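Architecture at a glance
So the chains spell out like this:
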Amino acid sequence: MDREKILVILASRLDRAAAGLAERWAPHGARLMTPGDLSREGWRDQIPAFKIARSTAVVGGQEVRFDEIEGVLVRLPWVTEHELDRVARADRSYVASEISSYLLSWLSRLHCPVLNRPSAMSLSGPAWRSEQWIFNAAKLGIQVKTVRRSSAAKDKPDALNEPIEVVTVVGDRTFGQVSAQDAQHALKLAQHARVNLMSASFSNSVLVNANCWPSLESDEVSTAVLAYLSHRPPMPSSSGAVSS
Amino acid sequence: MIILLGVPTDDPLLAVLKCLRRMDAKFVLVDQTEMPNTEVEIEAGSEVSGALHYGGETIDLGSVTATFLRPYDFRQLPEIRDAGEGSQVWGHAATVSDILYSWTELTSTLVVNRPSDMASNNSKPYQASLIKAAGFSVPETLITTDPVAARVFWQTHGEIVYKSISGVRSIVKRLTKEQDERISDVANCPTQFQEYVPGTDYRVHVVGSKVFSCEIVSKADDYRYAYMHGYGVEILRREVPSEVSERCVSLATRCGLALAGIDLRLRPDGSWCCFEVNPSPAFTYYQQATGDRIDEAVAGLLASHR
């Protein structure tokens, strides 16, 4: 018998935006998974004899089979002990490390779409610092604003006086009030970083920063994320989407 | 200029330092305990540049040809731990570390090893998938929060071990009947169980394309902690078959590691099982017994990059 497919939103228990998204997407099978779900009975994962139909996770307190999961949206970079109030205080730090390390393995092995796939440094994407985004973008021929960082307290980062435009990349689509060139550059950078969910900030077509944590408040962006995770064909973009 | 980053009491760091000194190579030891008195800055655009202000001198990061990282968690260093989380000293050490690590990720010079490449060792099951992709077999593993599943796995394999998933408290222990009651604790934390693999332990160190191997004889489940259980450890210089050493070099390369300590077990049937790739191995422990000069190989690798 076919069982209902589940979209997992992995987020902090304190992430109200993620909880709101899970509520909005509930008709599409979305459920919130918090780090606390990893300290509940029900996880069974055998490696390397990875039998996806027999492996189970706990999502929102309920047990689900891995093959019922249609997609995962990751909204936290790592699990901290502050997420685990059900665990004895003395063990929280250790349990947080264990959960983070397990999630890294789990997210990298799932067969379904994951936004973003983890790296050894983060549960979502490569965890690049600003310097790494800028340097990698420059190598791709994208015009960048040089980033400087110093440990000396007197050296403060340069303030930006120009307006900033933000492009959000979801798969091969881009969103934001930017030029077609900026959108193409953002897409190129996302592909180079091997991420499918990314935000890039431009000032007069010069890249000033990028990260893997775009805001999902816009309906267009969140609809594109939903389509990506559930393998649904993308809807035509309305105003604001510069490419698709 | 070669940078050695770590603490001066660290044996592998000291051993490499002495070799570099004998080779008359130009190097600087950046002592992590001096973080409160260290400054660093970097600039990244189409090029990367920067400077390290350490010990009264300024080192142009553009003049650095190779870096050997043996970093300690700065939060554990007494100078910083005692200052307390949130203190100016703590914040400064965090910033210096972060900027230095950022530079090691960006520089095209040799880094032994980059933090992003070392990080795979922080998740044993994640690293197991890299090990398997390199052609080694890995132990059957169950990660679970279900006591019933743990017991079924135990019954299936007869003998099993448990060990942490992360790099924290990473000690291998065999599950015994006395621990049966504690199995219900797995409900609170994903716990990793593995089939017990019988056989002989080998440690293979890879330094670039060079391989140093030894056999470890011990009755302990985890020879690194044998003394805690009253067991001894004997380390014997032993070659591994060429196809195994080639696979070890290939595995280290796949993991992006110029230096790696690979834990293998030779099963009674002659097959090889790989448990782990250590990206920051304490190779001096092994070379003291075997007479191999892993330190010279590391120093030679660092000095060969200009």
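Residues numbered from 1 in each chain as written. Chains lettered and ligands numbered in written order. Predicted model: local features only at pLDDT ≥ 70, side-chain atom pairs only at ≥ 80, totals over all residues. Heavy atoms only, no water.

A separate point is the domain arrangement of chain B. One frequent convention defines the size of an interface as the accessible area lost when the parts assemble. All names here are of chain B. In terms of domains, chain B is made up of domain 1 (2–112), domain 2 (119–135 + 199–304) and domain 3 (141–195). With centres defined by C-alpha atoms, the gap from domain 2 to domain 3 works out at 24 Å. Each side of the interface is counted separately: domain 2 has nine residues, and domain 3 has 13 residues. Interface area, domain 2 with domain 3, both sides summed: about 950 Å², of which 49% is carbon and sulfur. The largest share of the area that domain 2 buries against domain 3 comes from Lys-124, Pro-125 and Asp-221, three residues that together contribute 48% of it. When grouped by side-chain class, the residues that make up the side of domain 2 that touches domain 3 number three nonpolar, two polar and four charged. (Domains from an automatic or database assignment. Contact = heavy atoms within 4.5 Å. Buried area = accessible area lost by both parts, 1.4 Å probe. Nonpolar A, V, L, I, M, F, W, Y, C, P; charged D, E, K, R; others polar.)

On the chain B side, the residues contacting the 42 residues of chain A number 50 residues. For the pair chain A and chain B, the summed buried surface comes to about 3800 Å²; carbon and sulfur atoms form 58% of the total. Sorting the residues of chain A by area buried against chain B places Phe-135, Arg-149 and Ser-151 of chain A first, and these three jointly supply 16% of that buried surface. Between Arg-129 of chain A and Asp-98 of chain B there is a salt bridge whose closest N-O contact spans 2.9 Å. Seen at the junction of chain A and chain B, the total is 21 residue pairs in polar contact (both at pLDDT 80 or more). Those elements giving two or more residues to the side of chain A that touches chain B turn out to be strand S3 (44–47), helix H2 (92–109), helix H3 (130–139) and strand S8 (147–150) of chain A. In terms of residue count, H2 of chain A provides more of the side of chain A that touches chain B than any other element does, ten residues in total. (Salt bridge = Lys/Arg side-chain N within 4 Å of Asp/Glu carboxyl O. Polar contact = N/O pair within 3.5 Å; in protein donor to acceptor, adjacent residues only side chain to side chain. Helix = DSSP H or I, 4+ residues; strand = E, 2+ residues; numbered from the N terminus.)

Residues and elements named next belong to chain A. Read from one edge to the other, the open sheet built from four strands follows the order S10-S9-S11-S12, with strand pairing classed as antiparallel. Each edge of the sheet is formed by a strand with only one pairing partner; in this case those strands are strand S10 (173–175) and strand S12 (206–211). Within the sheet, the average angular offset between the axes of one strand and its neighbour, ignoring direction, is 25 degrees. Bridge analysis of strand S9 (residues 165–170) against strand S11 (residues 197–203) gives six bridges, and the strand direction is antiparallel. Bridge pairing in S11 places Thr-168 opposite Ser-199. (Pairing = 2+ DSSP bridges. Axes fitted to C-alpha atoms, helices over the stretch in contact; angles between N-to-C directions.)

Here the focus is the pairing of strand S8 (residues 141–144) of chain B. Taking every second residue as pointing to the same face, both faces of S8 of chain B are buried, with Thr-141 and Ile-143 of chain B on one and Leu-142 and Thr-144 of chain B on the other. Pairing geometry for S3 of chain A and S8 of chain B, over four bridges, is antiparallel. Bridging across to S8 of chain B, Arg-44 of chain A finds its partner in Thr-144 of chain B. Inspection of the sheet shows S8 of chain B paired to strand S11 (residues 191–195) of chain B by four bridges, in the antiparallel sense. Counterpart to Ile-143 of chain B in the pairing with S11 of chain B is Gln-192 of chain B. (Buried < 20%, exposed > 50% of the residue type's maximum accessible area, 1.4 Å probe, protein only.)

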